Amino acid sequence: MPAARYRPGVTEILYETDAALAALDGQRVAVVGYGNQGRSWALNLRDSGIDVMACVRADETRATAEADGFEARDVEAAGEADVICLLIPDDVIPTLAIEPRADALVIVASGYTLAFGRLDPDCDAAMVAPRMLGPEVRRCYEEGVGFITAVGVHRDKTGTARARTLAVARAIGGLRQGALQLTPMQEAVLDLGVEQAFSPAMRRVSEAFVGVMLEEGIPIEAILTELVLSGEVERTYRLVRLEGGAAQTLHHSPTSQYGQLSRVGRYDHLDVAATMRELVADITSGRFADEWDAERDSGYARLEELRGKALAPEILAFEEDLRTKLGERAVRPSR
Ligand code: NDP
């Protein structure tokens, strides 16, 4: 593809020194939802000295929030807060009956709802999107290492949206390793792009490789060990993160280096990007968001069907059996 078609984005990287927790002085923060992200955000905000209330449905989740020492209120009560963090699934956010005050700030943990017009409150609105799984948001805060986030202000009506957003990002540990300033649309396209364009391509590549190795008479256990169970790929990616992709090359044997580097262009004739562009166009056009809304409104029938196939009992049983034979769970006590 000609280089001229690339439109490199420009981003500012923000750190803890760019934020002041004082922007939240005297402000009450409502954490709506107490799931993967919600619980971690609530605990991190409180430990950073912020006044937090948990707004949750009256079920066992509420009991968990109360057991953690939070004042638990109904979801609708979040409308009384100065800052409202909506930490519930993106497809559910538009169905909530929360009425924010005109001077409130509404924060979401993913750009999706703001990017596709599913949420448009008439007050300050912003995104603080951790690049980290929910429970790890808590663990990384406790360990003091924090995590990378994507932050972006969608609307600033009060003139305080940026300062308050960065204060929340800092309070949850999201500025410690640096935060990327992105628009909600940029964040959503990247996030959904990884899920819908990158992951299926990786899956296809893995399946093709497994098939070719099976044709060569390699046992499935050995193939899966090479790809997953040994942890070698995982640790190689760790080195890519810690040392850089180029520098970590030297950890591989000369045979490996020569084999990888001399064959690196052998798939160049495959136009993988063409299919990726079609998938990304579904995201940027809002077609995927419409499809996902329709799925929600029909009671998630297709999701159930797809999950049923992907999590078929025979697949789960095969994986379970394999993991007890090879890898960390297979370690037998020595005599
Ligand atoms: P979860 O599925 O873990 O959170 C579910 C929470 O939402 C629960 O407290 C649940 O309540 C509540 N909830 C669900 N439906 C309703 C409803 N109809 N009314 C009221 N409350 C409801 O979500 P996540 O934490 O995974 O995701 C939250 C946000 O964080 C999303 O925007 C997501 O994109 C973003 N995000 C998530 C990441 C992750 O690692 N999971 C990573 C980065 C961003 P109950 O328990 O009562 O059912």
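Residues numbered from 1 in each chain as written. Predicted model: local features only at pLDDT ≥ 70, side-chain atom pairs only at ≥ 80, totals over all residues. Heavy atoms only, no water.

## Structural notes on the overall build of the protein chain
Here is the rule: Helix and strand labels come from DSSP, where a helix needs a run of H or I of at least four residues and a strand needs a run of E of at least two; each type is numbered from the N terminus. Exposure categories follow from relative accessible area, calculated using a 1.4 Å probe and restricted to protein chains: below 20% of the type maximum is buried, above 50% is exposed, and the middle band is partly exposed. We call two residues in contact when some of their heavy atoms are within 4.5 Å. The protein chains shown are the only cover counted for residues, whose accessible areas, like all others here, come from Shrake-Rupley with a 1.4 Å probe. Only four residue types enter the charge count: Lys and Arg as positive, Asp and Glu as negative, with His and the chain ends excluded. Charged groups are reduced to one reference atom each: NZ for lysine, CZ for arginine, CG for aspartic acid, CD for glutamic acid.
Within the protein chain, the secondary structure is distributed over 13 helices and nine strands. Of all 335 residues assigned to the protein chain, the portion counted as buried reaches 34%. Considering only contacts in the protein chain between residues 6 or more positions apart, those separated by 24 or more positions represent 60%. As presented, the protein chain carries roughly 20,000 Å² of accessible surface, and 55% of it is formed by carbon and sulfur atoms. For the protein chain, the distance from the average site of its 37 positive side-chain charges to the average site of its 53 negative ones is 3 Å.

## Observations regarding the environment of Asp74
Filter applied, for reference: Residues adjacent in sequence count toward polar contacts only when both atoms are side-chain atoms; beyond that, a polar contact is any pair of N or O atoms within 3.5 Å, and within protein one must be able to donate a hydrogen and the other to accept it.
Relative to the helices and strands, Asp74 resides in the loop between strand E4 (72-73) and strand E5 (83-86). Here the alpha-carbon distance between Asp74 and Cys55, two residues 19 residues apart in the chain, equals 5.1 Å. In this view, Asp74 contacts Cys55, Val56 and Arg62; residues no more than four positions away in its chain are not counted. A polar atom in the side chain of Asp74 sits 2.7 Å from the side chain of Arg62.

## Some thoughts on the pairing of strand E6 (residues 105-108)
So the rule is basically this: Here, a strand pair is defined by DSSP locating no fewer than two bridges between the strands.
Neither face of E6 is exposed, since Leu105 and Ile107 on one face and Val106 and Val108 on the opposite face are all buried. In the sheet, E5 pairs with E6 via four bridges, with the strands oriented parallel. For Ile84, the partnering residue across the bridge sits in E6 and is Val106. The pairing of E6 with strand E7 (residues 124-130) spans four bridges and is classified as parallel. What sits directly across from Leu105, in E7, is Asp124.

## Examining helix H10 (residues 272-284)
Three- or four-residue spacings in an α-helix give side chains the same orientation, since the helix completes a turn every 3.6 residues. Where we set the bar: Expected span of a helix, by definition, is 1.5 Å for each gap between consecutive residues, and there is one gap fewer than residues.
With 13 residues, H10 extends 19 Å from end C-alpha to end C-alpha; this agrees with the ideal 18 Å at 1.5 Å per step. Among the residues trailing H10, Gly286 stands out with phi positive, at a value near 90°.

## Quick word on the sheet that holds E6
If you walk across this open sheet you meet the nine strands as E1-E9-E8-E7-E6-E5-E2-E3-E4, and the pairing is mixed. Sheet topology places strand E1 (13-14) and E4 at the edges, where each strand pairs with a single neighbour. Pairing of strand E3 (residues 51-55) with E4, which is carried by two bridges, proceeds in the parallel orientation. Note that in E4 the partner of Ala54 across the bridge is Ala72.

## Focus: the environment of Ala167
Turning to its location among the elements, Ala167 is positioned in helix H5 (residues 161-171). Between the alpha carbons of Ala167 and Ala19 there is a distance of 5.5 Å; along the sequence they are 148 residues apart. Those residues within four positions of Ala167 in sequence are excluded, and the remaining contacts are Ala19, Ala20, Leu21, Ala23 and Leu24.

## What to know about the site of the ligand
Short version of the rule: A molecule or strand has a residue near it when one of that residue's heavy atoms lies within 4 Å. When residues are sorted by character, Ala, Val, Leu, Ile, Met, Phe, Trp, Tyr, Cys and Pro go into the nonpolar class, Asp, Glu, Lys and Arg into the charged class, and all the rest, Gly among them, into the polar class.
By nearness alone, 20 residues border the ligand, and Tyr34, Arg57, Asp59, Thr61 and Asp90 come closest of all. Within the contact set of the ligand, an oxygen atom lies 2.6 Å away from a side-chain nitrogen or oxygen of Arg57. Coverage of the ligand by the protein chains reaches 74% of its 900 Å² of free accessible surface. A per-class count over the shell around the ligand returns 10 nonpolar, seven polar and three charged.

## Regarding the nonpolar core
As a reminder, the rule being used: In these notes, a set of buried Ala, Val, Leu, Ile, Met, Phe, Trp, Tyr and Cys residues joined through side-chain atoms within 4.5 Å is what counts as a nonpolar core.
One finds Tyr34, Trp41, Leu45, Val83, Cys85, Ile107 and Val168 to be the most contacted residues of the largest nonpolar core, which totals 37 residues. In terms of residues, this core owes the most to one element, H5, which gives five residues. Residues in contact with Val83, not counting those within four places in the same chain, are Leu24, Gln27, Arg28, Val29, Ala30, Leu105, Ile107, Arg164 and Val168. With 23 residues, the next largest nonpolar core counts Met53, Met127, Ala129 and Leu182 among its residues.

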